Amino acid sequence: MFGGDEDTARPEAAAPAGEAGETPVAVEQEADEVAHSEAAVVEADTDERVAAAAESTEQEPPVEVEEDTESAATPDQDEPVAEAVADAALAATAVAAAAATAERPTAPALETCGLDPALAQSMILRLREAEPRLSVWLGIVLEGVEEAGDELWKRLRFLLRSLDAPAAEVDAFVDDFRGWLERMEYVQLDEFRSELQYRLTLALDMEDEEDERSRLFLKISEGLSRTREQFSRRLDSLFSSHGELNESFWEELEELFIMADLGYEPSLELVERLRERARKENVTRVEDVRGLLMAEVDEIFRLPRRISAVNPPEVVLFIGVNGVGKTTTIAKLAHRARMQGKKVMIAAADTFRAAAIEQLQVWAERVGALFHARPAGSDPASVAYEAMDRALAEKVDILFVDTAGRLQTKVNLMEELTKIRQVLGKKHEGAPHRCILVIDATTGQNALSQAKLFKEAAGVDELILTKLDGTAKGGVAIAVAMQEKLPITYVGLGEKLEDLRPFNGADYARALLGDLDQGK
């Protein structure tokens, strides 16, 4: 059991009796003198009885047997020896069983992490019987807890240890979260419960869990409520006013897309793709177009497979105009990486605004990331180079580099971004590994022009769409993905650290267009 020797954990069999005429030999059993005193007494007594029986047997004259008669001992002659041998075997078995019982390891006690044993026992039974979802487990563990304190830390440790998280990592998680609460001055559970679940989701790698996906869909659905209110209403009206697919329907659908901030060219392309899909699938009724549209939108957002492995540290360059939420987006991504156990550094290469440097430093302290900066007015490329050098020396896992965000039409800004890319690559081959353009969903068509110009001048690998929760122009996500063929990796759905979420095309389509049976 748990690495024990199978032979010692099982009682030994009694030694077989010798052949006729041989003296039986008592079984020798080694036992612990302190733990098995009674067994030792039994063994000694048994040895005496066996010896006496053997001596008695030797003194008896042999029984003469006539020729041609079967040789057999009488029952009276065999009884003393047989009884002694049987007693010896039983005694040896008892001794072995006693020794095995004493040496058998006891079952490990439930790790209570400081909780009352009865509470811990009750809680583990409920956790095992509950539906295997993080939100359900967290509800059980936090039951009766109203604010941060020792009881909360004990229960968090208990939950994480029950999920086989290493003790050192559990302590680090709890200490990190406790420090964050102190910096944010949060006390009541309602103030930080959502953040706690978000951190646990990342730490336990449960972001793809169905429960978490449902929570994310609700956030996206709420964020797109204003867009959906206008877009879906017009779409429903269009569907209800047409029965069969005809040229008039497609023209009105194209106008609807343009009014939803998809842009002229993306709107034309989307209508053509829908017409082709309808032809291939032999769709003739207007009411079936909603399903075609959802499938098409999902395909537009489908991310291509790419190699994500890099020679650490991974370097991520952030670009975008001022005011799009670039600084807070960096902080939110740094927070995610920290919760995933990564060592993070943030470099403030936007040296044209002192306020930007100070704001980024505050965020770095809040999320527990390293920070590198130089005084305002310094050369941005020098800041990036020094940060890269430091990240290599301090074995950082991921380096986020902020850049200036003056108007994208200025040639000097684009030249500056090119220089930053060059110095990063010179110091660390392959860097930057990702270049992320942050755009503001509320700007509509301006977001399209920013994506186009930045992609041409500085190179863009992916997009992050911010402020999606406060706009009626959420359709711009479709337009920019179609026009620039760039993947949208995250969307901003609020001001909290947890409100930057991975983008999912299927969820976006559902949130924007509603269920397939809607309007039928």
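Everything in this summary refers to the structure shown in the same document.

1. Concerning the pattern of salt bridges
According to the stated counting rule, one finds 32 salt bridges in the structure shown. Salt-bridge contacts for E111 lead to R161; the nearest nitrogen and oxygen are separated by 3.1 Å. Remark: R161 occurs in helix 5 (residues 150-162) and E111 occurs in the loop between helix 2 (75-103) and helix 3 (117-129); sequence separation between them is 50 residues. The partner of D175 in a salt bridge is R178, with the nearest N and O atoms 2.8 Å apart. Taken together, the positions of D175 and R178, both in helix 6 (residues 167-184) and 3 residues apart, correspond to about one turn of that helix. For R178, a relative accessible area of 26% puts it in the partly exposed group. Salt bridges sharing common partners tie together E269, R273, R277, E281, E296 and E299.

2. Section: the sheet that holds strand 4 (residues 398-402)
Strand order in this open sheet of 8 strands is 3-2-4-1-5-6-7-8, and the pairing throughout is mixed. Lying at the two open borders of the sheet, with one neighbouring strand each, are strand 3 (370-372) and strand 8 (500-502). Neighbour to neighbour, the strand axes of the sheet diverge by 25° on average, direction disregarded. Of the pairings in the sheet, the one linking strand 5 (residues 434-440) to strand 6 (residues 462-466) comprises 5 bridges and is parallel in character. Directly across from V438, in strand 6, lies its bridge partner I464. Packing of helix 15 (residues 380-393) onto the sheet brings it into contact with strand 1 (314-319), strand 2 (344-348), strand 3 and strand 4, and relative to strand 3 it is tilted by some 145°.

Each value, and the rule that gives it
Residues numbered from 1 in each chain as written. Predicted model: local features only at pLDDT ≥ 70, side-chain atom pairs only at ≥ 80, totals over all residues. Heavy atoms only, no water. Salt bridge = Lys/Arg side-chain N within 4 Å of Asp/Glu carboxyl O. Helix = DSSP H or I, 4+ residues; strand = E, 2+ residues; numbered from the N terminus. Buried < 20%, exposed > 50% of the residue type's maximum accessible area, 1.4 Å probe, protein only. Pairing = 2+ DSSP bridges. Axes fitted to C-alpha atoms, helices over the stretch in contact; angles between N-to-C directions. Contact = heavy atoms within 4.5 Å.

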